[in-house]
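Chains, contacts and geometry: an overview
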Amino acid sequence: MRALYIGRFQPYHLGHHAVIKEIASEADEVIIVIGSAQRSHELENPFTAGERYLMISKSLRDDGISNFYIVPILDVNWNAVWVSHVESLMPPVDEVFTNNPLIERLFEERGYEVHAPLLFNRKEYSGREIRRRMLNNENWAILVPEAVTEVIKEIDGLRRMENLRRSDRQ
Ligand code: ATP
Ligand code: MG
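Residues numbered from 1 in each chain as written. Chains lettered and ligands numbered in written order. Predicted model: local features only at pLDDT ≥ 70, side-chain atom pairs only at ≥ 80, totals over all residues. Heavy atoms only, no water.

In the region of ligand 1, 20 residues are neighbours, and R8, F120, R122, G127 and R131 sit closest. Contact distances for ligand 1 include 3.1 Å between an oxygen atom and a backbone N or O atom of N99. Interatomic distance of 2.9 Å between a backbone N/O atom of R128 and an oxygen atom of ligand 1. Considering ligand 1 on its own, with 600 Å² of exposed area, one finds that the protein chains cover 89% of that surface. Here ligand 1 occupies the largest pocket. Contributions of two or more residues to the shell around ligand 1 are made by β1 (2–7), α1 (14–26) and α5 (127–135). Residues of the shell around ligand 1, tallied by class, amount to 8 nonpolar, 8 polar and 4 charged. (Near = heavy atom within 4 Å. Polar contact = N/O pair within 3.5 Å; in protein donor to acceptor, adjacent residues only side chain to side chain. Areas by Shrake-Rupley, 256 points an atom, 1.4 Å probe, with all protein chains shown as cover. 1 Å grid on protein atoms, 1.4 Å probe; cavity = no way out; pocket = protein on both sides within 12 Å on 5 of 7 lines; lining within 4 Å. Sits in = over half its atoms within 2 Å of the grid points. Helix = DSSP H or I, 4+ residues; strand = E, 2+ residues; numbered from the N terminus. Nonpolar A, V, L, I, M, F, W, Y, C, P; charged D, E, K, R; others polar.)

Written out as structure tokens, the structure is:
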């Protein structure tokens, strides 16, 4: 069974990680789609697709997981054709895992079996909360896998966000 998991991963956090680890233990392969791949250098979307790719692949490999493929996908801003767009770029999948009601709806209409994984500590394991902490010098590192902290350090991610905020205010 090949399973699909979709997110923006801005950044990849321990909530995503817990769900993907669970799916990977049951499925033969997990296809991880990085959505809004073209977006980066924005306060809501600070990291590039390549940076997010690194965060996900290093975190999973650190935990000994290798049955995954990562596919970055650009937005088409056209909901009615979005599933076909995703299908044209990823390996075929049997099941879809998402908590996003629009994604659930779009895949169900195309005949897919869609599951909603359990949310882990959603108050803190949330991209929005982690970006907020990054901008306010609060402890965000406890909410992400260690590999994510390393990637963000390597690309000087905090300084990028600080710069984005400054240019936002001008
Ligand atoms: P943002 O706040 O930027 O929207 P997010 O934390 O919601 O970030 P996404 O990349 O938007 O992360 O979500 C991808 C998928 O991960 C969605 O299906 C979402 O419901 C799921 N997800 C997000 N947080 C958790 C969590 N704490 N536990 C389990 N799944 C989660
Ligand atoms: Mg979200």
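Picking up after the structure, the text goes on.
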